[in-house]
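# Fold and contact review
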Amino acid sequence: ALIAAALGGAYYLGRVSKSAQVVSQPQPTPQPTSVLQTSPNDETANWKTYTNTKHNFSINHPINFVESAQNTDYGFIGEKIYFNVGTVNPLECRGACPVVKETKDVQIATLNATEIYGYIGAIGGNIPQHILKYIFKKGDKYISFTLYARGQNDLTENPTGDYWPLEDTDIKLFNLIISTFRFIK
């Protein structure tokens, strides 16, 4: 029994020291990855284009998506995609901010962007739900697009009491929409 306890202790210490070694190793600087490119069989070919001449960008979306007025600082494209333009980096949020679980630098077509995965709680009347956000920067402006798990008019609480998850089909469609984002000037 004494030998088994000694071997078990050695195994535990070996695992703990290996974990500590992994944590203490320097992490490489993340490099942008090209994750969002339109495909040769362009699924977006028959989509509608939202153009915002106030902030000089355009983005395509399915024709059945309702969009906000053309030249605003914020609004919805469809029920679940919210855009916002401002001079404050969304990662430097003030007030009722989303919880950021993961950020990474990505390249969308030829544009650098930041991808954010996280969630929002019930503060401010929100429905607790997961979000996926992309932030583009041009000059002193940040243009962000956020995919919400629930539609803007869906106030249904999750019966489990947990945060609503993002659906894989919504993420795929959102990434395809984001792949069409362009600055127009």
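Residues numbered from 1 in each chain as written. Predicted model: local features only at pLDDT ≥ 70, side-chain atom pairs only at ≥ 80, totals over all residues. Heavy atoms only, no water.

### Some details on the nonpolar core
Within the largest apolar cluster, 28 residues are counted, with the highest numbers of intra-cluster contacts made by F136 and F145. Those elements that provide at least two residues to this core are β3 (57–61), β5 (81–86), β6 (99–108), β7 (111–120), β8 (129–138), β9 (141–148) and α2 (168–178). Per-element accounting of this core gives the leading share, 4 residues, to α2. (Core = buried A, V, L, I, M, F, W, Y, C linked by side-chain atoms within 4.5 Å. Buried < 20%, exposed > 50% of the residue type's maximum accessible area, 1.4 Å probe, protein only. Helix = DSSP H or I, 4+ residues; strand = E, 2+ residues; numbered from the N terminus.)

### Comments concerning the packing of aromatic side chains
Inspection of every chain in the model, using the stated rule, returns 13 aromatic pairs. Three or more aromatic residues joined by ring pairs make a cluster, and in this case those are Y50, F57, F83, F136, F145, F181 and F183. A cation over an aromatic ring shows up here: K137 above the ring of Y142, its NZ or CZ 5.2 Å from the ring centre. We note R150 situated over the ring of W164; from NZ or CZ to the ring centre the distance is 3.8 Å. (Phe/Tyr/Trp six-rings, centres within 6.5 Å; stacked < 30°, edge-to-face > 60°. Lys NZ or Arg CZ within 6 Å of the ring centre and 35° of its normal.)

### Overview of the sheet that holds strand β2 (residues 48–52)
Taking strand neighbours across the sheet as the criterion, the 3 strands line up as β2-β3-β10 in an open arrangement whose pairing is antiparallel. Because the sheet does not close on itself, it has two edges, and the strands there are β2 and β10 (182–183). Pairing between β2 and β3: 5 bridges, direction antiparallel. Counterpart to K48 in the pairing with β3 is H61. (Pairing = 2+ DSSP bridges.)

### Some details on the confidence of the model for the protein chain
Across the protein chain, the average pLDDT comes to 81, with 78% of residues at 70 or higher. Across residues 1–34, where pLDDT falls below 50, the model places 10 contacts with residues more than four positions away in sequence or in other chains. (pLDDT = per-residue confidence, 0-100. Contact = heavy atoms within 4.5 Å.)

### Side note on the side chain of E115
Summarising the element assignment, E115 is placed in strand β7. Among the polar contacts listed, one links the side chain of E115 to the side chain of Y134, at a separation of 2.7 Å. For E115, the contacting residues outside a window of four places in its chain are E102, T103, K104, V106, L132, K133 and Y134. (Polar contact = N/O pair within 3.5 Å; in protein donor to acceptor, adjacent residues only side chain to side chain.)

### Quick notes on the state of the cysteines
Within the structure shown, the criterion is met by 1 disulfide. C93 shares a disulfide with C97; S-S distance 2.1 Å. A torsion of -95° about the S-S bond marks the disulfide between C93 and C97 as left-handed. Relative accessible area serves as the criterion here: at 35%, C93 is assigned to the partly exposed category. (Disulfide = S-S within 2.5 Å.)

### Let's talk about the environment of N60
For N60, the position within the fold is in strand β3. With relative accessibility at 17%, the residue N60 sits in the buried group. As a C-alpha pair, N60 and S179 span 119 residues in sequence and 8.7 Å in three-dimensional space. Those residues within four positions of N60 in sequence are excluded, and the remaining contacts are W47, K48, T49, I177 and T180. Here the side chain of N60 touches T49 through a polar contact of 2.8 Å, side chain to side chain.

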